[in-house]
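So you can see what is in the structure, the chains are spelled out below.
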Amino acid sequence: MAVYTEVSPAEASALLQALKLGKLVDMQGCAGGIENTNYFVTSEKDGISHDHVLTLFERLSFEQLPFYLRLMQHLAHKGIPVPDPQPNRDGDLVFSLKGKPTALVNRLRGHSELAPGLAHCHAMGQTLARMHLAGRDFNMHQGNLRGLDWWNETVPVILPHLDAAQATLVRAELAFQNHVAAQSAYAALPRGPIHADVFRDNVLFDSVDGVLTLTGIFDFYFAGVDTWLFDLAVCLNDWCVDAATGAERPLLRQALLQAYESVRPLNAAERQLLPAMLRAGADKIAINTAATQ
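The paragraphs below set out a description of the structure included in this document. (Residues numbered from 1 in each chain as written. Predicted model: local features only at pLDDT ≥ 70, side-chain atom pairs only at ≥ 80, totals over all residues. Heavy atoms only, no water.)

1. Some points on the overall build of the chain
Each helix and strand counted, the chain has nine helices and nine strands in total. Over its C-alpha atoms the chain spans a radius of gyration of 20 Å, differing by no more than 12% from the 19 Å that the globule rule assigns to 293 residues. Projecting the C-alpha coordinates of the chain onto the three principal axes gives extents of approximately 60 × 45 × 40 Å. Relative to its full complement of 293 residues, the chain shows a buried share of 48%. Considering only intrachain contacts with a sequence separation of at least 6, the fraction spanning at least 24 residues in the chain is 70%. As displayed, the chain offers around 14100 Å² of accessible surface, 54% of which is attributable to carbon and sulfur atoms. (Helix = DSSP H or I, 4+ residues; strand = E, 2+ residues; numbered from the N terminus. Rg over C-alpha atoms; globule rule 2.2 N^0.38 Å. Buried < 20%, exposed > 50% of the residue type's maximum accessible area, 1.4 Å probe, protein only. Contact = heavy atoms within 4.5 Å. Areas by Shrake-Rupley, 256 points an atom, 1.4 Å probe, with all protein chains shown as cover.)

2. Here's the deal with the nonpolar core
Of all hydrophobic cores here, the largest spans 70 residues; its most connected members are Met124, Phe220, Leu232, Trp239, Leu256 and Met277. The greatest single-element share of this core, amounting to nine residues, is contributed by helix H7 (residues 228-239). Excluding residues that lie within four positions of it along the chain, Phe220 makes contacts with Tyr68, Leu71, Met72, Leu75, Val82, Met131 and His195. Among the nonpolar cores identified, the runner-up in size contains 15 residues, and Leu21, Met27, Val41 and Leu54 belong to it. (Core = buried A, V, L, I, M, F, W, Y, C linked by side-chain atoms within 4.5 Å.)

3. Focus: helix H2 (residues 65-77)
In a regular helix each residue adds 1.5 Å, so 13 residues correspond to 18 Å; H2 covers 18 Å between its end C-alpha atoms and thus fits that length. Within H2 the residues assigned to the buried category are Leu65, Phe67, Tyr68, Leu69, Leu71, Met72, Gln73, His74, Leu75 and Ala76. Of the surrounding secondary structure, the elements contacted by the buried residues of H2 are strand S5 (100-106), helix H3 (118-134), strand S6 (191-194) and strand S9 (224-227). Positive backbone phi, approximately 90 degrees, marks Gly79, located one or two places after H2. (Expected span 1.5 Å × (residues − 1).)

4. Focus on unusual backbone geometry
Its identity as a non-glycine residue notwithstanding, Lys20 has a phi of 60 degrees, on the positive side. One non-glycine residue with positive phi stands out, namely Ala196, at about 75 degrees. When you line up the elements, Ala196 lands in the loop between S6 and strand S7 (203-208). The exposure class of Ala196 is buried, given its relative accessible area of 1%.

5. Quick look at the pattern of salt bridges
Inspection of the entire model under this criterion finds 11 salt bridges. One salt bridge connects Glu35 with Arg59, and the closest N-O pair in it is separated by 3.1 Å. Here Arg59 lies in the loop between strand S3 (48-56) and H2 and Glu35 lies in the loop between strand S1 (23-29) and strand S2 (37-45), a separation of 24 residues in the sequence. Since its relative accessible area comes to 42%, Arg59 is described here as partly exposed. For Glu173, the salt bridge goes to Arg279, with nearest N and O atoms at 2.6 Å. You can see Glu173 sitting in helix H5 (residues 164-181) and its partner Arg279 sitting in helix H9 (residues 268-292), a full 106 residues away along the chain. Since its relative accessible area comes to 14%, Glu173 is described here as buried. When its relative accessible area of 37% is taken as the criterion, Arg279 is described as partly exposed. (Salt bridge = Lys/Arg side-chain N within 4 Å of Asp/Glu carboxyl O.)

6. Some points on the pairing of S5
Of all seven residues that make up S5, five are buried, and the element is covered over most of its length. Direction of pairing for S3 relative to S5: antiparallel, over a ladder of five bridges. By the bridge assignment for S5, Val53 is matched with Val105. Between the antiparallel neighbours strand S4 (residues 95-97) and S5 lie two residues, among them Lys98 with a positive phi of about 55 degrees. (Pairing = 2+ DSSP bridges.)

By themselves, these are just geometric observations and shouldn't be taken as functional.
Structure follows, in structure tokens:
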């Protein structure tokens, strides 16, 4: 269970009251998540029940959270299906429980699809493009904290723990990505806030009036400003392969990419650099995995 810091019903109730969300009806520890403490919380106000997710952040600081929470709020208010952080009367989104930074968001319905099909990829592509466009006028800035700058800092740290062949491969790939980043085509790539971690387990689907619908994208705590193409590449790498074998599934890739472009067509620079960004998406996972082991 992803509960590292215990929160009592009285403490949760006090927060609900402060946010004018009614009385506490139910509170259950959430099994999802690996870094933060999460509770599913139900409140009742004016005879109507409301479902929330209460999160105590075990790693992120009070200073880091406003970017992520404000981005989520911005996107939610633009109609993107993401968690909407609940503000207090002063508009604050970050609170404190047990000395930990805390947020309360609405609970999105649905479930993750770990074996996505064509319809799932189509919905994902369209929603990702809509999310990129909706973030264009977001007025806060934070770089991608797991982007190329971080790779350049982290690779020298992990190299001593790799065998010779692995080290050679990582050095060559890092040199390639630095070469790509120096190109004029890379400078021409459209940018904005990105999720940077749109894996299939961070997306929810449900049936709405009998139609498969993408009902939520969550876990924005790796978000930052970077190229939209990198975000798309991370998504393609995860959604369009067989999870068991790692084999590519071209029809899924075609469905996701075409759906994305039906909302936001790629420009010439993006088409040119998509293969490089697909490599970059894989690099991020490999370097992050090595750094955390």
